[in-house]
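Overview (structure and organization)
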Amino acid sequence: MAHLAKYTLNSAQMLFHHNLRHQDRTGEYVSYHGSKIDITKTHLNYRLDPNTDPNEFITQRLSEIKVQKRADVKVYCSWVLTVPQNLPTEKHREFFESAYRFFSADYGAKNIVMASVHLDETTPHMHLGFVPVVREKKNQKKLGQEKVSAKELLTRTYMKNLHKRLKNALERDLNCRVDITIDLDDDAPKREYVPLATLKKQTEAEAKKLESLKKQSEELQGEIDSLKELQKSQDQQCRELTDRECRIRDQNAKLENRKVLLLREIAENKKELEESEGKTLLAYKRFYEFLKETLPARVFKQLTDRFSEWRKQRQEAKTAPER
């Protein structure tokens, strides 16, 4: 991946701090667009350009050429060239050196501000920065004079042909296939320098937000646990009620069976009682006939009168209210 971005002088000077791994007042490396630096690998970084101080170099170079006096003039352009994933590690340095030679030839070695290779971030890459210098072609009085113009240098035709030219140069020097794409500044997300203090504030804000979400999550988890305990208790009660219902049903079934047996026994006893009463009545009738036939009429009448009186007294005794 090759990504191009353009900067004003102020933005470029801030970018230099990141590219050269300068430290802020707290000793932290200056970050660029939230980049993550592995300080254990920072010593592996290297530069291909000869300039000791890019800030002094660009200031000196701009003093030698025509620059429009506007704060928004893009006086610095930077390619970020990332090593292709399929490129062997032993060819990484050759890749960067080849690209450095290619762009030095395109923009002029005297306009290359820096070529800084970073191996302490997620993917090995090189920041190749340059001053976009062209020669005046329209103004006859200043014809051939050097001036800053990213628009005239990085034309649509130039960018259209760049991919094939760069790919051919890299594959020729490395003697292998090199998969690389060009990411134009117009269709790529803007990357701006972010001061460390701002990043810390953003990080602290995100940490507070995360802590708040964590607290909410714990509270919700507590409510979930309480609901689970309640559900567990209700399930236990439901099982107990179900067991109780089953026991009651069993008892009802036993009582129903007992009722059937009692009704059957009552029916049998009633039948036996009716049969017994019938036999007793029959015996009384026979005994009555026997007495009537054997006793004198006067004696028999006295006996039956006494028996009737006894029955009457007995009946009255049964129906009389208890005192």
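Throughout what follows, the structure given in this document is the object of discussion. (Residues numbered from 1 in each chain as written. Predicted model: local features only at pLDDT ≥ 70, side-chain atom pairs only at ≥ 80, totals over all residues. Heavy atoms only, no water.)

1. Quick notes on the layout of surface pockets
Selection rule: Lining residues are those with an atom within 4 Å of a point, where the points come from a 1 Å grid over the protein atoms alone and group into cavities, where a 1.4 Å probe fits but cannot get out, or pockets, open sets with protein on both sides within 12 Å along at least five of seven lines. Grid points are joined across faces, edges and corners, and a volume is the space filled by probe spheres set on the points. Numbering of helices and strands runs from the N terminus, with a helix taken as a DSSP run of H or I at least four residues long and a strand as a DSSP run of E at least two residues long.
Of the pockets and cavities examined, the largest pocket occupies roughly 440 Å³. Along its surface, the largest pocket is lined by Leu281, Tyr284, Lys285, Phe287, Tyr288, Glu289, Leu291, Leu303, Thr304, Phe307, Trp310 and Arg311. Secondary structure elements with two or more residues in the lining of the largest pocket: helix 6 (196-294) and helix 7 (297-319). Of all the elements, helix 6 adds the most residues to the lining of the largest pocket, at seven residues.

2. What about the packing of aromatic side chains?
Our working definition: Each Phe, Tyr or Trp ring (for Trp, its six-membered ring) is paired with any other whose centre lies within 6.5 Å, and the angle between the two planes then decides the class: stacked below 30 degrees, edge-to-face above 60, tilted in between. Here, a charge over a ring is recorded when the distance from Lys NZ or Arg CZ to the ring centre is within 6 Å and its angle to the ring normal is within 35 degrees.
Enumeration according to the criterion identifies 10 aromatic pairs in this entry. Each ring, one from Phe103 and one from Tyr107, has its centre 5.6 Å from the other, and the planes form 15 degrees; the classification is stacked. Taken together, the residues span about one helical turn, with Phe103 and Tyr107 both in helix 3 (residues 92-107) at a distance of four residues. Through successive ring pairs, a cluster of aromatic residues spans Trp79, Phe102, Phe103, Tyr107, Phe130 and Tyr158. Above the plane of the ring of Tyr46 lies Arg93, whose end atom (NZ or CZ) is 4.1 Å from the centre.

3. Some remarks on the sheet that holds strand 8 (residues 182-183)
For clarity, the threshold we go by: The criterion for strand pairing is that DSSP finds at least two bridges linking the strands in question. Contact definition: two residues touch when any of their heavy atoms are within 4.5 Å. In this analysis an axis means a line fitted to C-alpha atoms, helices contributing only their contacting stretch, and an angle means the value between N-to-C directions, from 0 to 180 degrees.
Strand order in this open sheet of six strands is 2-4-5-3-1-8, and the pairing throughout is mixed. In this open sheet, the two edge strands, each paired with only one partner strand, are strand 2 (46-47) and strand 8. Note: strand 4 (residues 112-118) against strand 5 (residues 125-130), six bridges, orientation antiparallel. Across the sheet, residue Ser116 finds its bridge partner in strand 5, namely His127. Taken strand by strand, helix 3 contacts strand 2, strand 3 (76-82), strand 4 and strand 5, and its axis lies near 15 degrees from that of strand 5.

4. As for the packing of helix 3 against helix 5 (residues 156-174)
Going by this rule: Angle categories: roughly parallel below 35 degrees, roughly antiparallel above 145, roughly perpendicular from 65 to 115, and oblique for all the rest. Throughout, a crossing is termed right-handed when the near helix is turned clockwise from the far one, and left-handed when it is turned anticlockwise from it by less than a right angle. Residues are grouped as follows: Ala, Val, Leu, Ile, Met, Phe, Trp, Tyr, Cys and Pro are nonpolar; Asp, Glu, Lys and Arg are charged; all remaining types, including Gly, are polar.
Two elements in contact, helix 3 and helix 5, have axes whose closest approach is 10 Å; the angle formed by their N-to-C orientations is 135 degrees. As the angle between them shows, helix 3 and helix 5 are arranged oblique. Along this stretch, helix 3 crosses helix 5, giving a crossing that reads as right-handed. Residue-level contacts link Glu94, Phe95, Ser98, Ala99, Arg101, Phe102, Phe103, Asp106 and Tyr107 of helix 3 to Tyr158, Leu162, Arg165, Leu166, Ala169, Leu170, Asp173 and Leu174 of helix 5. Tallied by class, the residues present in the contact of helix 3 with helix 5 amount to 11 nonpolar, one polar and five charged.

5. What about the pattern of salt bridges?
Opposite charge on two side chains lets them pair, provided their charged atoms get close. This is how it is decided: The rule for a salt bridge is simple: a side-chain nitrogen of Lys or Arg has to be within 4 Å of a carboxyl oxygen of Asp or Glu. Categorising residues by exposure relies on relative accessible area from a 1.4 Å probe, with only protein chains included: less than 20% of the type maximum marks a residue as buried, more than 50% marks it as exposed, and the intermediate range marks it as partly exposed.
With the rule as written, the count across this model stands at 17 salt bridges. Among the salt bridges present, the one from Asp49 reaches Arg47, with a minimum N-O distance of 2.4 Å. Put simply, Arg61 and Glu64 hold a salt bridge, and the shortest N to O gap is 3.1 Å. One end of the pair, Arg61, and the other, Glu64, are both in helix 2 (residues 54-64), three residues apart, so they sit about a helical turn from each other. By relative accessible area, Arg61 is classed as buried at 4%. Residue class for Glu64 comes out partly exposed when judged on its relative accessible area of 48%. Counted as one network, the salt bridges with shared partners bring together Arg61, Glu64, Lys110, Arg135 and Glu146.

6. Details of a negative patch on the surface
Defined as follows: Each patch is built from residues lacking any salt bridge and having more than 30% relative accessible area; the joining distance is 9 Å for like charges and 5 Å for nonpolar side chains (Val, Leu, Ile, Met, Phe, Trp, Tyr). Using a 1.4 Å probe, the Shrake-Rupley method yields the accessible areas, and only the shown protein chains count as cover for residues. Neither His nor the chain ends contribute to the count of charged residues, in which Lys and Arg are positive and Asp and Glu negative. Every charge is mapped to an atom, namely NZ of Lys, CZ of Arg, CG of Asp or CD of Glu.
Taken together, the side chains of Glu265, Glu268, Glu272, Glu274, Glu275 and Glu277 present a region of like negative charge at the surface. In this fold, Glu272 is placed in helix 6.

7. A few points about the pairing of strand 3
Strand 3 sits mainly inside the fold: seven of its seven residues count as buried. Because side chains alternate across strand 3, one face comprises the buried residues Tyr76, Ser78, Val80 and Thr82, and the other comprises Cys77, Trp79 and Leu81, equally buried. The pairing of strand 1 (residues 2-7) with strand 3 spans six bridges and is antiparallel. When the bridges of strand 3 are listed, Lys6 appears paired with Cys77. Here strand 3 pairs with strand 5 via six bridges, running antiparallel. Looking at strand 5, one finds that Leu81 is bridged to Met126.

8. So, a nonpolar patch on the surface
There is a patch of nonpolar side chains on the surface, built from Leu262, Leu263 and Ile266 and spanning about 270 Å² of accessible area. Its location among the elements puts Ile266 in helix 6.

9. A look at helix 2
How we decide: Read the arc as the range of directions from the helix axis to the C-beta atoms. We define a polar contact as two N or O atoms separated by no more than 3.5 Å, with the added condition that, inside protein, one atom must be a possible hydrogen donor and the other a possible acceptor, whereas residues neighbouring each other in sequence contribute only through side-chain atom pairs.
For helix 2, the full list of buried residues reads Pro54, Ile58, Arg61 and Leu62. When helix 2 is viewed along its axis, its buried side chains cluster within an angular range of 100 degrees and face the same direction. Residues Glu56 and Ser63 are exposed on helix 2 and point more than 90 degrees away from its buried face. Contacts made by the buried residues of helix 2 are with helix 1 (9-19), strand 2, strand 3, strand 4, strand 6 (133-135) and strand 7 (146-148). Its side-chain oxygen at 2.9 Å from the backbone nitrogen of Asn55, Asp53 defines the N-terminal cap of helix 2.

10. Looking at the side chain of Glu121
Within the fold, Glu121 resides in the loop between strand 4 and strand 5. At 3.3 Å, the side chain of Glu121 and the side chain of His118 are in polar contact.

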